[in-house]
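# Chains, contacts and geometry: an overview
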Amino acid sequence: MKKYIIGNWKMNPSTFAEADRLASRIQMLNRGSAEVVLCPPVYFLAQLSKKFPQLFWGAQDCFWEASGAYTGEISSEYIRTHGAAFVLLGHSERRMYLEESDEMVAKKLRHVLKRKLTPVLCVGGGEGLREPEQCLAAARIQLTTAVRGIPGKILAGGRIIIAYEPTWAIGTGRPATSKHIAAAASLIREQISSHYGTIIADGTPVLYGGSVNASIVPKLKKKSNLQGYLVGGASLNALEFSKIIELS
Ligand code: PGA
């Protein structure tokens, strides 16, 4: 299965000149075979995707309606027509700071799939999730709520990417253990399999995110059944990010 290394720049960097420099260095240093997707702040997306068409681009969120009176929201049409094919949905920080609910994420997921964008559904994160077991339990509910009612044929062939991102590992410099990540990847596959069968489950890429750095990649590669990483902080450092790509 294809591997994905997705860089989530969050609300960084603050100027286009810095974003341009970062993308250019990542492109120059990229020697891996994985699909590299960068998710910059949406206000840099149009210019960056035009300037670096060899990279894949994504948005960090997308609203569930195509257009209308929704102040401040981002439309799938904008994302699609400005060079992005991927959208992060349900990121832990949106669940925590903006109280994005499982139901809201479910609506976004349906819309994004309809608009032929590839959703990267983040599970395992949210307010008050501090223990590894809590994150696994939340991931199960978040995943089930998000896909409920979506026909299997729509999700077949890797149309959806799932990223397991436990809150306590995000931005802390303390990634989850390979054992925990392997358990999360199995749980996610079992969940998908119980709804849609093993063919769809086996065809769905599962990524890990939470303080990913180059030093943990070789260990995770051996011990967990992952198809890549969702990288936050380390994706702002071109050299470190390129090492992650190369080692994956
Ligand atoms: P981090 O962020 O790599 O900085 O922990 C990951 C994410 O939030 O996607």
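The chain carries the name Triosephosphate isomerase in an unreviewed UniProt entry. If you open the UniProt record of the chain and go to Subcellular location (unreviewed entry), you find "Cytoplasm". Comment text from UniProt for the chain, heading Sequence similarities (unreviewed entry), reads "Belongs to the triosephosphate isomerase family."

Right, let's get into the state of the cysteines. Counted according to the given criterion, the structure contains 0 disulfides. Cysteine Cys122 shares no disulfide, and the gap to the nearest cysteine sulfur, in Cys39, comes to 9.0 Å. Between Cys135, a free cysteine, and Cys122, which holds the nearest cysteine sulfur, the sulfur-to-sulfur gap is 13 Å. On the accessibility criterion, Cys135 (0% relative accessible area) is buried.

Under the counting rule described, the total for this entry stands at 10 salt bridges. Here Arg115 and Glu77 are joined by a salt bridge, their closest N and O atoms 2.9 Å apart. Residue Arg115 is found in the loop between α5 (102-114) and β5 (118-123), and its partner Glu77 is found in helix α3 (residues 76-81); the two are separated by 38 residues along the sequence. On the basis of relative accessibility, which here comes to 22%, the residue Arg115 falls in the partly exposed class.

This paragraph deals with the packing of aromatic side chains. Scanning all chains against the criterion turns up 6 aromatic pairs. For the ring pair Tyr4 and Phe86, a centre distance of 6.0 Å and an interplane angle of 70 degrees mean the geometry is edge-to-face. Placement of the pair is Tyr4 in strand β1 (residues 4-8) and Phe86 in strand β4 (residues 86-89), with a sequence separation of 82 residues. With a relative accessible area of 7%, Tyr4 lands in the buried category. Look at Phe86 and you get buried, because its relative accessible area is 5%. One aromatic cluster is present, built from ring pairs that chain together Tyr4, Phe56 and Phe86.

A few words on the site of the ligand. Around the ligand sit 14 residues in total, of which Lys10, His91, Gly171, Ser211 and Gly233 are the nearest. Glu165 is positioned such that a nitrogen or oxygen atom in its side chain is 2.8 Å from an oxygen atom of the ligand. Interatomic distance of 2.9 Å between a backbone N/O atom of Gly232 and an oxygen atom of the ligand. Calculation on the ligand without its partners gives an accessible area of 280 Å², and the protein chains cover 95% of this total. Looking at side-chain class alone, the shell around the ligand contains 5 nonpolar, 7 polar and 2 charged residues.

Calculation criteria
Residues numbered from 1 in each chain as written. Predicted model: local features only at pLDDT ≥ 70, side-chain atom pairs only at ≥ 80, totals over all residues. Heavy atoms only, no water. UniProt positions renumbered as here; feature names shortened; annotations may be inferred. Disulfide = S-S within 2.5 Å. Buried < 20%, exposed > 50% of the residue type's maximum accessible area, 1.4 Å probe, protein only. Salt bridge = Lys/Arg side-chain N within 4 Å of Asp/Glu carboxyl O. Helix = DSSP H or I, 4+ residues; strand = E, 2+ residues; numbered from the N terminus. Phe/Tyr/Trp six-rings, centres within 6.5 Å; stacked < 30°, edge-to-face > 60°. Near = heavy atom within 4 Å. Polar contact = N/O pair within 3.5 Å; in protein donor to acceptor, adjacent residues only side chain to side chain. Areas by Shrake-Rupley, 256 points an atom, 1.4 Å probe, with all protein chains shown as cover. Nonpolar A, V, L, I, M, F, W, Y, C, P; charged D, E, K, R; others polar.

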